[in-house]
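Remarks on the overall topology
Each chain is listed here by its residues.
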Amino acid sequence: SKDAYEGKMLLATLCHRRGIASEAQWRFEQAADLAPDDRHAADALHLAAGVAANRLAGDDAIRLHRAAADLALGAGDTAAAARNLARAAELWNRADGTITASRDELAPRALLDEARRMAGGDPITLARIAAAEAFTVPETEEASAQVIDAALEAARRAGDTMAESTALDRRTTMQLSLGQGRAALANALYRIELLTPQVLDPCVGFELSDAHVMAVESAIAAGDLAEARRLAERIRDSPLHREDVHVAVARLIVVSSLEGDWQRALAAGDRFREGWERAGSPRRPTLRRAARAMAMVYGMRGDTAARDEWMRIFTALVPTARQSHDQHSSAFFESLMLLHLGRAHEAVRCLEIPPHELRRWYQSIWRPWYAAAWAEAGVLAGEPDAAERIASV
């Protein structure tokens, strides 16, 4: 009945705002089953997808957006169907670190083609498609800037904050790939400003959380650890992550490890592990850097057993060979531990890839840090190119 549907929707919304994310997703999905028609069911699944994305369950988010699109199409709402398809395509390209399914290179393009066919002339739908398109062009390519500018123009013309946030996120990644950490940070902070006045529904929650995460990443790239810590603490304290403590503290672990604040890192690590295990030890590739940082801290302290345990968690977060986007940050953390232990020759072997080859945005966050460790390892190991390493940093 409609009353039962509305009751579940209200309960789901309350769970979301109180940070009980897994139940919020479940309740929205229950509401879809009780919906009086396909249009209401599509609305419920769209919100369930937003919760899933915010709790880093990317596979669920894509599945739910696809299901919402089918229901919206059944209800004759082609614009809503197109928006859900565009969001699913966007997540395939944008949120790879939250997805554990095998990478399907063709899926985003097929979804966007389908979205375009049913979009009509609705400005918001066209803006969402343009924002998703911005993630189809690698941020390292020259054409990326033009696609991003077109997406921003479409979003602002439509007055759509969500599409604007998505396009701004893509601009942040482009700036990171170019080594413009300060500009990327300013862009991410502007995104937070843009989103903060919005009603905190599940889809806005995803964008706001992501804006904070990208601001932390940008501050790390810029070498501003004080700002990175301030932002990481805001993520930790966000009501949206009250249930998913491992998500809440992941960035704080990384920042505290970089600062050398081992006590803060250890305390956050305990919370991460407890929250992750309580959540059923989910595979969340984007959280692997936090586990790697904890392994480094314990390795520096000489606690081999604890280090091995955190390496087990690191592997368990995505026990497949598919995820390699964090290999350079992992090499950096490993090299710091090796240098701390006086094993410079091993650190050199660990950092075998020259820093200038780190070009993708998720690599470029670490490029200045990696380059410094690469130069230091070369000097301490007496490498013949040590002087050239220093000169290139």
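Residues numbered from 1 in each chain as written. Predicted model: local features only at pLDDT ≥ 70, side-chain atom pairs only at ≥ 80, totals over all residues. Heavy atoms only, no water.

**Topic: the overall build of the protein chain**
The number of helices and strands found in the protein chain is 21 helices and zero strands. Dimensions of the protein chain along its principal axes, counting C-alpha atoms only, are 70 × 45 × 35 Å. By residue count, 57% of the 393 residues in the protein chain fall in the buried class. Considering only residue pairs separated by 6 or more positions, the protein chain has 64% of its internal contacts joining residues 24 or more positions apart. Total accessible area on the protein chain is roughly 16000 Å²; 51% of this is exposed by carbon and sulfur atoms. One way to put it: in the protein chain the 48 positive side-chain charges average out to a point 2 Å from where the 56 negative ones average out. (Helix = DSSP H or I, 4+ residues; strand = E, 2+ residues; numbered from the N terminus. Buried < 20%, exposed > 50% of the residue type's maximum accessible area, 1.4 Å probe, protein only. Contact = heavy atoms within 4.5 Å. Areas by Shrake-Rupley, 256 points an atom, 1.4 Å probe, with all protein chains shown as cover. Lys, Arg positive; Asp, Glu negative; His and termini not counted. Charge placed at Lys NZ, Arg CZ, Asp CG, Glu CD.)

**Points about the packing of aromatic side chains**
All told, the structure shown has six aromatic pairs when counted by the stated rule. Judged by centre distance (5.4 Å) and plane angle (55 degrees), the rings of Phe332 and Phe333 are tilted. As far as the burial class goes, Phe332 and Phe333 line up, both buried. The positively charged end of Arg288 is found above the aromatic ring belonging to Phe314, 4.1 Å away from the centroid. (Phe/Tyr/Trp six-rings, centres within 6.5 Å; stacked < 30°, edge-to-face > 60°. Lys NZ or Arg CZ within 6 Å of the ring centre and 35° of its normal.)

**Description of helix α10 (residues 181-195)**
Spanning 15 residues, α10 covers 21 Å between terminal C-alpha atoms, matching the ideal 21 Å at 1.5 Å per step. All of the buried residues in α10 are Gly181, Ala184, Leu185, Asn187, Ala188, Arg191, Ile192, Leu194 and Leu195. In this structure, the buried side of α10 is in contact with α5 (78-94), α9 (161-177), α11 (202-222) and α12 (225-237). (Expected span 1.5 Å × (residues − 1).)

**Notes on unusual backbone geometry**
A positive phi is found at Leu56, a non-glycine position, where the angle reads about 70 degrees. Residue position: Leu56 is located in the loop between α3 (38-54) and α4 (58-74). For Leu56, a relative accessible area of 14% puts it in the buried group. Of note in the backbone geometry, Ser281 takes a positive phi value of approximately 50 degrees without being a glycine. Of note, Ser281 is situated in the loop between α14 (262-278) and α15 (288-300).

**Comments concerning the pattern of salt bridges**
A complete count under the given rule lists 41 salt bridges for this structure. Its salt-bridge partner being Arg156, residue Glu164 comes within 2.9 Å of it at the nearest N-O pair. We classify Glu164 as buried; its relative accessible area is 8%. Asp261 serves as the salt-bridge partner of Arg264, at 3.1 Å between the closest nitrogen and oxygen. Here Arg264 falls in the partly exposed class, since its relative accessible area comes to 28%. Owing to a relative accessible area of 27%, Asp261 belongs among the partly exposed residues under this scheme. (Salt bridge = Lys/Arg side-chain N within 4 Å of Asp/Glu carboxyl O.)

**Some points on the side chain of Arg55**
When you line up the elements, Arg55 lands in the loop between α3 and α4. Within the buried core, Arg55 has no salt-bridge partner, and the shortest N-O distance to an opposite charge, that of Asp60, equals 4.3 Å. At a separation of 2.9 Å, a polar atom in the side chain of Arg55 contacts the side chain of Gln25. Excluding its chain neighbours within four sequence positions, the residues that come into contact with Arg55 are Ala21, Ser22, Gln25, Asp60, Asp244 and Arg284. (Polar contact = N/O pair within 3.5 Å; in protein donor to acceptor, adjacent residues only side chain to side chain.)

**Topic: the environment of Pro138**
Topologically, Pro138 is positioned in the loop between α7 (123-133) and α8 (144-158). If we skip the residues at most four places from it in the chain, Pro138 touches Ser144, Arg170 and Arg360.

**Considerations on the environment of Cys350**
Mapped onto the elements of the fold, Cys350 is located in helix α18 (residues 344-350). Since its relative accessible area comes to 24%, Cys350 is described here as partly exposed. Considered as a pair, Cys350 and Val254 are 96 residues apart in the sequence and their alpha carbons are 19 Å apart. Beyond its immediate sequence surroundings of up to four residues, Cys350 is in contact with Ala331, Glu334, Ser335 and Leu338.

**Looking at the nonpolar core**
By size, the foremost hydrophobic cluster in this structure holds 71 residues, and its most contacted members are Ile220, Leu258, Phe272 and Trp366. In terms of residue count, the dominant contributor to this core is helix α13 (residues 245-259) (ten residues). The residues touching Phe272, leaving out its near neighbours within four places in the chain, are His246, Val249, Ala250, Ile253, Leu287, Ala290, Trp310, Ile313 and Leu317. Residues Ala81, Ala88, Trp92 and Leu111 belong to the second largest nonpolar core, which totals 47 residues. (Core = buried A, V, L, I, M, F, W, Y, C linked by side-chain atoms within 4.5 Å.)

**Structural notes on the packing of α8 against α9**
At a closest axis distance of 8 Å, the pairing of α8 and α9 adopts a crossing angle of 160 degrees. Judged by the inter-axis angle, α8 sits roughly antiparallel to α9. Where α8 crosses over α9, the two elements pack in a sense that is left-handed. Contact with α8, carried on its side by Ser144, Ala145, Ile148, Asp149, Ala151, Leu152, Ala155 and Arg156, involves Ala163, Glu164, Ala167, Leu168, Arg170, Arg171 and Met174 of α9 and no other residues of that element. When the residues that make up the contact of α8 with α9 are grouped by side-chain class, the tally is nine nonpolar, one polar and five charged. (Axes fitted to C-alpha atoms, helices over the stretch in contact; angles between N-to-C directions. Parallel < 35°, antiparallel > 145°, perpendicular 65-115°, else oblique. Left-handed = near helix turned anticlockwise from the far one by under 90°. Nonpolar A, V, L, I, M, F, W, Y, C, P; charged D, E, K, R; others polar.)

**Topic: the state of the cysteines**
Cysteine pairs can be linked by a disulfide, which is a covalent bond between their two sulfur atoms. For the coordinates displayed, the defined rule picks out zero disulfides. Counting only cysteine sulfurs, Cys15 is the nearest neighbor of Cys203, a cysteine outside any disulfide, at a range of 17 Å. By relative accessible area, Cys203 is classed as buried at 8%. (Disulfide = S-S within 2.5 Å.)

**Looking at the environment of Ala155**
Take Ala155: it is sitting in helix α8. Separated by 31 residues in the primary sequence, Ala155 and Ile124 have C-alpha atoms spaced 7.2 Å apart. Discounting residues that sit within four places of it in the chain, Ala155 has contacts with Ala127, Asp160, Ala163 and Glu164.

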